[in-house]
Amino acid sequence: MVDYQMLLENAKSARERAYTPYSRFKVGAAVLTASGRIFHGCNIENAAYPVCLCAERSALAAAWSAGETEFVAIAVVADTPGPVAPCGMCRQFMFELAPDMPVLLANLADQTQPTTPRELLPGGFARESLTAND
Ligand SMILES: O=c1ccn([C@H]2C[C@H](O)[C@@H](CO)O2)c(=O)[nH]1
Ligand SMILES: [Zn+2]
């Protein structure tokens with residue numbers, strides 16, 4: 001059984017490390033991998049705005065680059081009126097690596113919405129969508 005409360009607490013502490021001088025909107029994420037490890041992610045912004053990195057991609061990249069490529073669940077949290085809504089780029093990123101991974105969207109008041117990347121990105125572009133045209 002996944003301890004979602006624990007995962008959410010990890011996402012909240014990751015959120016405190018967000019670097020957000022531009023938006024002032026802090027997001028945290030925590031991903032549990034198959035080996036039982038937890039990787040943190042936070043959004044890291046940039047003066048060149050499109051370079052901003054979201055919390056979700058930051059957490060998954062940290063896990064993946066540590067050799068942890070099987071994801072059990074991810075929690076994402078922000079100080080939003082309801083559970084945070086991941087951006088389109090993160091939906092696509094999560095869809096590639098773990099389309100059916102449980103995703104817990106949350107806010108600081110512990111309002112939560114369980115979902116999956118597949119649910120968050122209907123008709124998402126996948127490896128099978130790539131066909132050679134030469
Ligand atoms: O799910 C989300 C939504 C937004 N952001 C970040 C990107 C940017 O730094 C800031 C404002 O969009 O929030 C995330 O990290 N995750
Ligand atoms: Zn994003």
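Note that this is a predicted model, so its numbers are computed, not measured.

Q: Sorry, what's going on with the pairing of strand β5 (residues 112-115) here?
A: Side chains on a regular strand alternate between the two faces of the sheet. Of the pairings in the sheet, the one linking strand β4 (residues 103-107) to β5 comprises 4 bridges and is antiparallel in character. The residue of β5 that forms the bridge with Leu 104 is Pro 114.

Q: Even after reading the chapter, I still don't get the sheet that holds β4, so can you show me in this structure?
A: Adjacent strands of a sheet form backbone hydrogen bonds with each other and so pair up, either parallel or antiparallel. Taken in spatial order, the 5 strands of this open sheet run β2-β1-β3-β4-β5, and their pairing is mixed. In this open sheet, the two edge strands, each paired with only one partner strand, are β2 (38-42) and β5. Between one strand axis and the next, the sheet turns through 15° on average, direction left out of account. With 5 bridges joining them, strand β1 (residues 27-33) and β2 adopt antiparallel strand pairing. The partner of Ala 29 across the bridge, within β2, is Gly 41. Along the sheet, helix α2 (residues 55-65) makes contact with β1, β2 and β3 (71-78), crossing β2 at roughly 145°.

Rules used in this analysis
Residues numbered from 1 in each chain as written. Chains lettered and ligands numbered in written order. Predicted model: local features only at pLDDT ≥ 70, side-chain atom pairs only at ≥ 80, totals over all residues. Heavy atoms only, no water. Pairing = 2+ DSSP bridges. Helix = DSSP H or I, 4+ residues; strand = E, 2+ residues; numbered from the N terminus. Axes fitted to C-alpha atoms, helices over the stretch in contact; angles between N-to-C directions. Contact = heavy atoms within 4.5 Å.

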